[in-house]
Each structure stands twice: as structure tokens, then as C-alpha cells.
Amino acid sequence: DTGVSQNPRHKITKRGQNVTFRCDPISEHNRLYWYRQTLGQGPEFLTYFQNEAQLEKSRLLSDRFSAERPKGSFSTLEIQRTEQGDSAMYLCASSLEGGATGELFFGEGSRLTVL
Amino acid sequence: AQKVTQAQTEISVVEKEDVTLDCVYETRDTTYYLFWYKQPPSGELVFLIRRNSFDEQNEISGRYSWNFQKSTSSFNFTITASQVVDSAVYFCALSEADSWGKLQFGAGTQVVVTP
């Protein structure tokens, strides 16, 4: 499978715990994006990387959230001291910088449930 | 600020009927991109189209067609002769021209096609 891969697919945690999600983009893609989607809503932009540089962060990304892409390949999204409001689907997408078609390739997402 | 409105929450049709999904957007930018994505029950967002704000030509791809009208800030999507496999949530999205991967999504329209 050469698509975008996300792990774990589902995570159930108790409030106050830390969680980490991993995203493996399509190998030749230099851009990587994180989005969050709550039930019945469209995805909301969180942050994006070009290679290893984090170029933009949304105001939605509070201090409890941190994303990294250390070698410009896979990325991790960590949420510290989780809150019930963090329950959502976390989507990763990748693309080429030029992106002639404008397509973002999305993974299947990591669903977080905070009890 | 950018905003995308998809007023239709859910549309139910019988197979072979046509269905049109409405999308109205707001932006102060003169150059921007508009998108449609499909999210089937599996959850993975699938790119359908990107349209540049300077290109108002309508687009047809198989049973799919798009109508872009800058005068009414609308980018509507029509599925002709719907099929059960078209059942999904469809999202309209908007981005700035120089940050096309940072999408502002609408809330989505659930399309249910019954045999």
C-alpha cells in the first residue's frame, strides 16, 4: 500500500493522559498536513510541514498539541493532558509542493476518544 | 476571513436520479482555489476537483459536473444518474492561492442513494 498511513486507527484514553499519532505520507511527498474532524463537521486545518519545517499552525493547535516531522518523512502529533473536547478524528494528508492537480492525499485517520 | 457554506445537510435520492450539491463561499482574496472532496463510509477523503478562481469554465468528468459562478460565489456539484456507490459525504472547500493545502472546508452534505 503506497497511500498515506496513520496509526493507531483508534485510541481510547482517559482524560489527562498523553497520546501520540503517527502519519506516514506518500514517500515522495514533501508536504504533510494535519487536520481534525469532529462528528458532522468538515475537517479543520491544524498544521503543515514542508520537509521537516513546520510552516504554519492554526490557532486550534493549543500548547497541549505538538507536531513534528524530524527527518522530513513521517510525522507525529502528540496531545498532552487530553481533554474530552479533544475527541475527534485526526486526519493526515500529504502532497507535492507544486501540486499540479491540487490534490491532497488523505489517510484514513486516527480516531481519538477521551473518556 | 474565509467561509464555506453547504446548506444541505443530507440529500436522499433513488438510483439514476440526478443530485446537485450547493456550495457558497466567502473570501476577500481575488485569487483562490475551490475544491470538492468525497468522504465515503471508510472515512478517507478523496479528491474530486480543484478550480482556480480565474477559471469559470464548467467542468465535466464522467457523471460528475461542476458549475462555478463568481457572481454568486457558488461552486455547485452535480452527480448525474446517481449510483449506490455515490453514497458518501461531500465537502466543498476553499483555500488561498499561495497556501492551497490549507483548506477551509464546509460542513459537508450527506448523499444517500437507494436502489
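I will try to describe carefully the structure that is included in this document. Small disclaimer: the values here were computed from a predicted structure and weren't measured.

### Re the side chain of Ser95(A)
Relative to the helices and strands, Ser95(A) resides in strand β9 (residues 88-95). The class for Ser95(A) is buried, based on a relative accessible area of 1%. Every residue in contact with Ser95(A), bar those within four places of it in the chain, is listed here: His29(A), Asn30(A), Arg31(A), Tyr33(A), Glu103(A), Leu104(A) and Trp100(B).

### Some points on the sheet that holds strand β7 (residues 65-68) of chain A
All names here are of chain A. If you walk across this open sheet you meet the four strands as β1-β3-β8-β7, and the pairing is antiparallel. Pairing within the sheet leaves two strands with one partner each, and these edge strands are β1 (5-7) and β7. This sheet shows a mean twist of 15° between the axes of neighbouring strands, independent of strand direction. Of the pairings in the sheet, the one linking strand β3 (residues 19-24) to strand β8 (residues 75-79) comprises five bridges and is antiparallel in character. Looking across to β8, one finds that valine 19 is bridged to isoleucine 79.

### Regarding the interface of chain A and chain B
On the chain B side, the residues contacting the 24 residues of chain A number 16 residues. Between chain A and chain B the total buried area reaches about 1,700 Å² when both faces are included, carbon and sulfur atoms providing 52% of it. Taken together, chain A and chain B are joined by one salt bridge. Linking Lys102(B) and Glu56(A) is a salt bridge whose minimum nitrogen-to-oxygen distance equals 2.4 Å. Linking chain A with chain B are five residue pairs in polar contact (both at pLDDT 80 or more). Elements with a contribution of two residues or more to the side of chain A that touches chain B: β4 (31-37) and β9 of chain A. Considering each element in turn, the side of chain A that touches chain B owes the most residues, four residues, to β4(A).

Thresholds applied
- Residues numbered from 1 in each chain as written.
- Chains lettered and ligands numbered in written order.
- Predicted model: local features only at pLDDT ≥ 70, side-chain atom pairs only at ≥ 80, totals over all residues.
- Heavy atoms only, no water.
- Helix = DSSP H or I, 4+ residues; strand = E, 2+ residues; numbered from the N terminus.
- Buried < 20%, exposed > 50% of the residue type's maximum accessible area, 1.4 Å probe, protein only.
- Contact = heavy atoms within 4.5 Å.
- Pairing = 2+ DSSP bridges.
- Axes fitted to C-alpha atoms, helices over the stretch in contact; angles between N-to-C directions.
- Buried area = accessible area lost by both parts, 1.4 Å probe.
- Salt bridge = Lys/Arg side-chain N within 4 Å of Asp/Glu carboxyl O.
- Polar contact = N/O pair within 3.5 Å; in protein donor to acceptor, adjacent residues only side chain to side chain.

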